[in-house]
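Residue-level listing of the chains:
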Amino acid sequence: MMDFQDFEAKIKSQAKQWLESGEVKFVIGYEKSHDSLIARPVFIHDAKDVDKLYWGPDCISNLTLYLVDEMKKKPKRGEEPFTHAVGIVVKPCDSKTIVELIKENMVPRERVKIIGVATENSINPDKLEAAIKDIPPGKRGGIRFIDDGNKNYIIKYDGGELKVPQEELEADKCKVCITHKPVIHDILVGESNEPFVPDEFEDVKKLEEMTEDQRWNYWKEHLSKCVRCYACRDVCPLCYCEECVFDKEKPFSWNEKSVQLRENTFYHMVRAMHLAGRCVDCGECDRVCPMGIPIREINRFLIKRAKERCKVFSGINVEDKPMFGSYDIDDPGEEIW
Amino acid sequence: MTEISKTDSEWEPKIIGFLCNWCSYTGADLAGTSRLQYPPNIRIIKVMCSGRVNPQFILKAFQEGADGVLVSGCHPGDCHYIEGNYHAKRKLTLTTDLMEFMGVDPKRFQVSWVSASEGKKFAEVVIKFTAQIKELGPQNKLTGGDV
């Protein structure tokens with residue numbers, strides 16, 4: 001059973017301690033907003049604001065995105081380099097992102113203070129919206145979740161409560177979660193002693209079993225929907241290039257801006273290759289896609305192949321070598337002439 | 001330009017070859033100076049190392065109408081830059097996998113190791129690869145022709 005109120009209190013007291021001692025410049029966490037269904041990011045700069053922090057299964061977004069933004073800031077000429085640390089609240093899946101960022105030297109370990117929350121699952125916003133359709137729209141903003149201990153959520157809203165099985169709301173990524181405990185943390189909130197559960201990649205295997213033309217038709221159907229809003233790129237904490245290849249126009253543009261199948265395919269294949277062996281399957285790209293393209297399946301396929309071919313598994317150990325920054329003499333290559 | 005169909009006997013495949021400056025390009029040169037015959041379907045682009053070949057070069061070539069793409073570099077251990085071709089191996093084998101997953105025939109993309117003294121091997125690779133692409137026919141998935 002998860003006591004969300006208890007977690008919230010622990011997060012608040014830790015954030016308060018760090019802010020008061022000046023160990024961190026600010027804390028990135030979640031707050032409950034009055035108008036949004038799910039919790040939104042909040043930046044706490046002052047110890048007196050820590051009561052804004054919230055914890056619940058509707059804390060979905062991967063906050064490491066904002067950590068990367070902070071680490072990318074450069075001092076003005078003549079100023080000392082930045083050394084301040086940032087506090088951040090992470091779920092187990094987001095903690096894997098931090099491991100990957102440390103591996104790539106994007107985030108120095110000493111500049112991040114991690115409040116890791118051992119959580120079992122987060123919810124899917126679409127499923128939540130369907131489940132609470134009976135609650136009047138004006139009263140959805142302040143909903144709170146309570147775990148009743150029998151795999152149900154009690155959703156409390158202004159003027160009543162609702163009981164929904166956890167399984168009905170669970171996000172797809174949580175079904176293949178490998179660990180319920182953050183892989184890296186300074187402070188652990190909650191407890192989980194479950195061992196790592198290996199991912200079996202059932203969804204990817206299903207696609208791999210199809211014939212080539214079936215797969216092409218599957219992707220053709222999905223990728224022709226893409227409107228190239230680039231939300232999947234913008235939300236990805238590992239897509240942190242200063243200048244993205246898809247924005248580049250000089251000396252020439254790699255990818256035309258028009259929405260055509262050929263450009264969409266190129267975009268999605270190149271984006272996936274840039275994340276090959278790095279993606280930690282936090283599922284943000286899938287969540288933000290307005291057209292419902294199963295972007296995660298491409299990423300998960302490359303996670304699987306990187307594991308099989310190159311023995312690289314992202315987001316577990318900071319000591320591991322990055323996928324494309326290293327090589328192994330014994331990498332397989334039977335198909336090479 | 002008129003559309004060319006698969007049944008057209010006039011159809012000749014377009015193959016883009018990314019060859020490394022130090023081994024394969026010199027190997028191709030040797031094939032030429034040794035007067036070895038190989039199909040003229042391959043259009044060669046010289047790169048400094050097979051590790052320079054970014055997966056997006058390959059996908060762009062397909063998008064612009066290539067029927068096959070060949071990347072060739074030094075044998076493992078012989079790289080002029082010591083380890084460029086090991087990096088290439090990781091990247092390019094994964095690109096092949098991704099093409100397969102997206103439903104594009106991975107046989108259209110080939111990696112080979114050809115040293116500067118292997119003019120004969122280069123000619124053989126091009127002959128074999130051209131025959132393979134001829135069998136597969138025109139590539140129209142990534143060009144957007146198959147809608």
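Predicted model, so just to flag it, every value in this text is computed and none were measured. (Residues numbered from 1 in each chain as written. Chains lettered and ligands numbered in written order. Predicted model: local features only at pLDDT ≥ 70, side-chain atom pairs only at ≥ 80, totals over all residues.)

Enquirer: Requested: an account of the overall build of chain B, with residues and values cited.
Expert: When helices and strands are tallied, chain B shows 4 helices and 4 strands. Going from the N terminus to the C terminus, chain B shows its helices and strands as β-α-β-α-β-α-β-α. Here chain B has a C-alpha radius of gyration of 15 Å; the compact-globule value for 147 residues is 15 Å, and the two agree. C-alpha atoms of chain B, sized along the principal axes, occupy 45 × 35 × 20 Å. Among the 147 residues that make up chain B, the fraction classed as buried is 52%. Here the analysis covers contacts within chain B between residues at least 6 apart in sequence; of these, 81% occur between residues at least 24 apart. (Helix = DSSP H or I, 4+ residues; strand = E, 2+ residues; numbered from the N terminus. Rg over C-alpha atoms; globule rule 2.2 N^0.38 Å. Buried ≥ 20, exposed ≤ 12 C-beta atoms within 10 Å, placed from the backbone. Contact = placed C-beta atoms within 7 Å.)

Enquirer: Break down the overall build of chain A for me, with residues and values.
Expert: Helix and strand content of chain A: 12 helices and 8 strands. Here the C-alpha atoms of chain A give a radius of gyration of 21 Å, agreeing with the 20 Å that 2.2 N^0.38 yields for 337 residues. Viewed in the frame of its principal axes, chain A has a C-alpha envelope of about 65 × 55 × 40 Å. Across the 337 residues in chain A, those meeting the buried criterion constitute 39%. Considering only contacts within chain A whose residues lie at least 6 apart along the sequence, 69% involve residues at least 24 apart.

Enquirer: So what about the pairing of strand 5 (residues 144-147) of chain A? Which residues, and what values?
Expert: Residue and element names in this part refer to chain A. For strand 5 and strand 6 (residues 152-157), the ladder comprises 4 bridges, and the chain directions are antiparallel. Within strand 6, the position partnered with Asp 147 by the bridge is Tyr 153. Between strand 5 and strand 6, which pair antiparallel in sequence order, lie 4 residues; one of them, Gly 149, sits at a positive phi of approximately 90°. (Pairing = 2+ DSSP bridges.)

Enquirer: How would you sum up the sheet that holds strand 2 (residues 40-44) of chain A? Please name residues and give values.
Expert: All names here are of chain A. On the basis of which strands lie adjacent, the open sheet formed by 5 strands has the order 2-1-3-4-8 and mixed pairing. Two strands lie at the open edges of the sheet, namely strand 2 and strand 8 (187-189), each paired on one side alone. Pairwise comparison of adjacent strand axes, ignoring direction, gives a mean angle of 20° for this sheet. By the bridge criterion, 5 bridges tie strand 3 (residues 85-90) to strand 4 (residues 112-117) in an arrangement that is parallel. Note that in strand 4 the partner of Val 86 across the bridge is Val 112. (Axes fitted to C-alpha atoms, helices over the stretch in contact; angles between N-to-C directions.)

Enquirer: Which residues make up the nonpolar core, and what are the values?
Expert: Within soluble globular proteins, side chains that are nonpolar tend to cluster in buried spots. One finds Ile88(A), Val89(A), Leu302(A), Val69(B) and Leu98(B) to be the most contacted residues of the largest nonpolar core, which totals 126 residues. Here this core spans two domains, and each of domain 1 (4-137 + 166-189) and domain 2 (202-325) of chain A adds at least three residues to it. Once you skip the residues sitting within four places of it in the chain, Leu302(A) turns out to touch Ala272(A), Leu275(A), Ala276(A), Gly277(A), Cys279(A), Leu94(B) and Leu98(B). (Core = buried A, V, L, I, M, F, W, Y, C linked by C-beta atoms within 7 Å. Domains from an automatic or database assignment.)

Enquirer: How would you summarise unusual backbone geometry if you had to cite specific residues and measurements?
Expert: The omega torsion of the bond from Lys250(A) to Pro251(A) falls at 0°, within 30 degrees of zero and hence cis. Within the chain, Arg35(B) stands out as a residue other than glycine whose phi angle is a positive 55°. Position of Arg35(B) relative to the elements: it lies in the loop between helix 1 (24-33) and strand 2 (42-47). For Arg35(B), a count of 7 C-beta atoms within 10 Å corresponds to the exposed category. We note that Ile82(B) has phi near 70°; this positive angle belongs to a residue other than glycine. In this fold, Ile82(B) is placed in the loop between strand 3 (68-73) and helix 3 (84-102). Residue classification places Ile82(B) among the exposed residues on the basis of 9 C-beta atoms within 10 Å.

Enquirer: Now, about the interface of chain B and chain A: what can you tell me, with residues and values included?
Expert: Facing the 32 residues of chain B at the interface are 31 residues of chain A. Taken together, the residues of the side of chain B that touches chain A break down into 13 nonpolar, 11 polar and 8 charged. (Nonpolar A, V, L, I, M, F, W, Y, C, P; charged D, E, K, R; others polar.)

Enquirer: For the packing of helix 10 (residues 261-274) of chain A against helix 3 of chain B, give the residues involved together with the corresponding values.
Expert: Where helix 10 of chain A contacts helix 3 of chain B, the two axes come as close as 11 Å, and the packing angle between them is 140°. Taken together, the axes of helix 10 of chain A and helix 3 of chain B lie oblique to each other. For helix 10 of chain A against helix 3 of chain B, the interelement crossing comes out right-handed. For the pair helix 10 of chain A and helix 3 of chain B, contact is made by Met269(A), Ala272(A) and Met273(A) and by Thr95(B), Leu98(B) and Met102(B), respectively. Considered class by class, the residues forming the contact of helix 10 of chain A with helix 3 of chain B number 5 nonpolar, 1 polar and no charged. (Parallel < 35°, antiparallel > 145°, perpendicular 65-115°, else oblique. Left-handed = near helix turned anticlockwise from the far one by under 90°.)

Enquirer: Summarise the sheet that holds strand 6 of chain A; cite the residues concerned and give the values.
Expert: All names here are of chain A. Here 3 strands make up an open sheet; going across it, the order is 5-6-7 and the pairing antiparallel. In this open sheet, the two strands that pair with only one neighbour each are strand 5 and strand 7 (160-165). For this sheet, the mean angle separating the axes of adjacent strands, direction not counted, is 25°.

Enquirer: Tell me about the domain arrangement of chain A, and name the residues and values.
Expert: Residue and element names in this part refer to chain A. Assigned domains of chain A: these are domain 1 (4-137 + 166-189) and domain 2 (202-325). The C-alpha centroid of domain 2 is placed 24 Å from the C-alpha centroid of domain 1. In terms of residue count, helix 3 (residues 92-103) provides more of the side of domain 1 that touches domain 2 than any other element does, 8 residues in total. Looking at the side of domain 1 that touches domain 2, its residues break down into 9 nonpolar, 4 polar and 7 charged.

Enquirer: How would you sum up the environment of Lys156(A)? Please name residues and give values.
Expert: Residues and elements named next belong to chain A. Within the element layout of this structure, Lys 156 appears in strand 6. Separated by 119 residues in sequence, Lys 156 and Leu 37 place their C-alpha atoms 13 Å apart. Apart from the residues within four sequence positions on either side, Lys 156 is in contact with Ile 143, Arg 144, Ile 146 and Glu 161.

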